[in-house]
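Observations on the three-dimensional arrangement
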Amino acid sequence: MARADEKLGKESSARTAFEEIAEQTNYYGFLAADRLRLPYSFNSEPVEQQDDIVKKLRNLPGMKRAVELQALGRVTDARREWNFITRDLNTEELKNAAVLAHEWKWHDTAINTLAKVGEWRDLDRRFPLPYKDLVLLNAETHGLDPSLIFGVARRESAFNRAARSSAGALGLMQILPGTARLQSRVLGLSRPSIADLLDSDRNILLGSSYLNAMLERFSGNQVLATAAYNAGPNRVKKWIPESGSMPADLWIETVPYKETRHYVRAVLAYT
């Protein structure tokens, strides 16, 4: 409606509609804010910790086992305990379990648990900033916006340094071994092992280097670069239309989903 009013010359009603949309914390809210050159509205509402529930969760034998297993580096076993414990929890208990997971720096677990109950407003727990020193160092080294590195790591692994994908990608920034070898050669480093790719320092270094390479390849376009990071640059080149480009807020709604499902998924993942 705002776009239609704008095209019809109804500037006042268009601006009013855009301002209303810009108050939302979502894709279209950010687009509307950009259009009006307004700051984004984040509207964060942290989950209110309920001490009695948190105490109950802390004292569950399975929860204690999960903490100990995590401390021993037995991440898979710790996750199994967590999944078993939380499968029968109600919504409030799950919210408080997410509070605990965040406190313990199990960021991916906190993120996934909040998503499970549809709790989107706790932005600090859903979008934490772990490994900040490493991210800032690599952002400076490669000339990147730190938020872009955080965004890719958050989307790729939800900050799970032990993450392994079905495609073989590893670690925080989900680097494929072949990509890691290429970037290591570019940086003059030795051939990385699997253990290297699961190391936070090496993973963020190689991931940031590859992200920078994709930005250079796609002329600084962050959407195309992050899509290429996720799906490969050759696929992204095939997805780019030769003509007839449209604004992103209209294009995603109008192009046949079957023809563009992978590209749309990649774009939305990073916006």
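Located above this text is the structure these notes cover.
Criteria and cut-off values
Residues numbered from 1 in each chain as written. Predicted model: local features only at pLDDT ≥ 70, side-chain atom pairs only at ≥ 80, totals over all residues. Heavy atoms only, no water. Helix = DSSP H or I, 4+ residues; strand = E, 2+ residues; numbered from the N terminus. Buried < 20%, exposed > 50% of the residue type's maximum accessible area, 1.4 Å probe, protein only. Contact = heavy atoms within 4.5 Å. Areas by Shrake-Rupley, 256 points an atom, 1.4 Å probe, with all protein chains shown as cover. Lys, Arg positive; Asp, Glu negative; His and termini not counted. Charge placed at Lys NZ, Arg CZ, Asp CG, Glu CD. Salt bridge = Lys/Arg side-chain N within 4 Å of Asp/Glu carboxyl O. Expected span 1.5 Å × (residues − 1). Core = buried A, V, L, I, M, F, W, Y, C linked by side-chain atoms within 4.5 Å. Axes fitted to C-alpha atoms, helices over the stretch in contact; angles between N-to-C directions. Left-handed = near helix turned anticlockwise from the far one by under 90°. Nonpolar A, V, L, I, M, F, W, Y, C, P; charged D, E, K, R; others polar. Patch = residues over 30% accessible without salt bridge, like charges linked within 9 Å, V, L, I, M, F, W, Y side chains within 5 Å.

1. Quick look at the overall build of the protein
Looking only at helices and strands, the protein has 18 helices and 0 strands in total. Each principal axis of the C-alpha distribution contributes one length, and for the protein these read about 65 × 50 × 35 Å. By the burial criterion, 43% of the 271 residues in the protein qualify as buried. Sequence-distant contacts, at least 24 apart, represent 46% of the contacts inside the protein between residues at least 6 apart. A total of about 15900 Å² of accessible surface is found on the protein, and carbon and sulfur atoms cover 50% of it. With 37 positive and 34 negative side-chain charges, the protein shows a separation of 8 Å between the mean positions of the two kinds.

2. A few points about the pattern of salt bridges
One pass over the structure, following the stated rule, counts 16 salt bridges. The closest approach of N and O atoms between Arg 3 and Glu 6, which form a salt bridge, is 3.9 Å. Here the residue Arg 3 and the residue Glu 6 both occupy positions in helix α1 (residues 2–7), the gap between them amounting to 3 residues, near one helical turn. Looking at Glu 6, the relative accessible area reads 34%, which means it is partly exposed. The residue Lys 95 makes a salt bridge to Glu 92 at a minimum N-O spacing of 3.6 Å. Linking Lys 95 with Glu 92, this pair stays in helix α7 (residues 91–103), spanning 3 residues, or about one helical turn. Classification of Glu 92 by relative accessible area gives partly exposed; the value is 35%. Among the charged side chains, a network of salt bridges with common partners joins Glu 45, Glu 92, Lys 95, Glu 119 and Arg 121.

3. Details of helix α11 (residues 146–157)
The end-to-end C-alpha distance of α11, which contains 12 residues, comes to 17 Å, matching closely the 16 Å that a straight helix rising 1.5 Å per residue would cover. Those residues of α11 not exposed but buried are Leu 148, Ile 149, Phe 150, Val 152, Ala 153, Arg 154, Glu 156 and Ser 157. Where α11 terminates, the next one or two residues include Ala 158, which has phi positive at roughly 55°.

4. Describing the nonpolar core
Residues Ile 149, Phe 159, Met 173, Ile 204, Leu 211, Tyr 229 and Val 236 are the most contacted members of the largest nonpolar core, which totals 31 residues. Every element with two or more residues in this core is listed here: α10 (132–142), α11, α14 (200–217) and α15 (222–231). For this core, the leading source of residues is α14, giving 6 residues. In this structure Ile 204 touches Tyr 131, Leu 134, Val 135, Asn 138, Ile 149, Leu 172 and Met 173, once residues within four positions along its chain are discounted.

5. A few points about the packing of α10 against α14
Between α10 and α14, whose axes approach to 10 Å, the crossing angle comes to 35°. Note on packing geometry: the crossing formed by α10 with α14 is right-handed. Taking contact as the criterion, the partners of Leu 134, Val 135, Asn 138 and His 142 in α10 are, on α14, Ser 200, Asp 201, Ile 204, Leu 205, Ser 208, Ser 209 and Asn 212. A breakdown of the residues in the contact of α10 with α14 according to their chemical character gives 4 nonpolar, 6 polar and 1 charged.

6. Things to note about the environment of Asn 96
As for its placement among the helices and strands, Asn 96 is situated in helix α7. When sequence neighbours within four positions are dropped, the list of residues in contact with Asn 96 reads Glu 48, Gln 49, Gln 50, Ile 53, Val 54 and Leu 57.

7. Quick word on a nonpolar patch on the surface
Where nonpolar side chains cluster on the molecular surface, the patch consists of Leu 182, Val 186, Leu 187 and Leu 189 and spans about 320 Å² of accessible area. In this fold, Leu 187 is placed in helix α12 (residues 177–187). On the basis of relative accessible area, Leu 187 is assigned to the partly exposed category, the value being 33%.

8. Digging into the side chain of Glu 93
Position of Glu 93 relative to the elements: it lies in helix α7. Here Glu 93 is in contact with Ile 53, Lys 56 and Leu 57, once residues within four sequence places are set aside.

As far as function goes, none of this settles anything; it's purely spatial.
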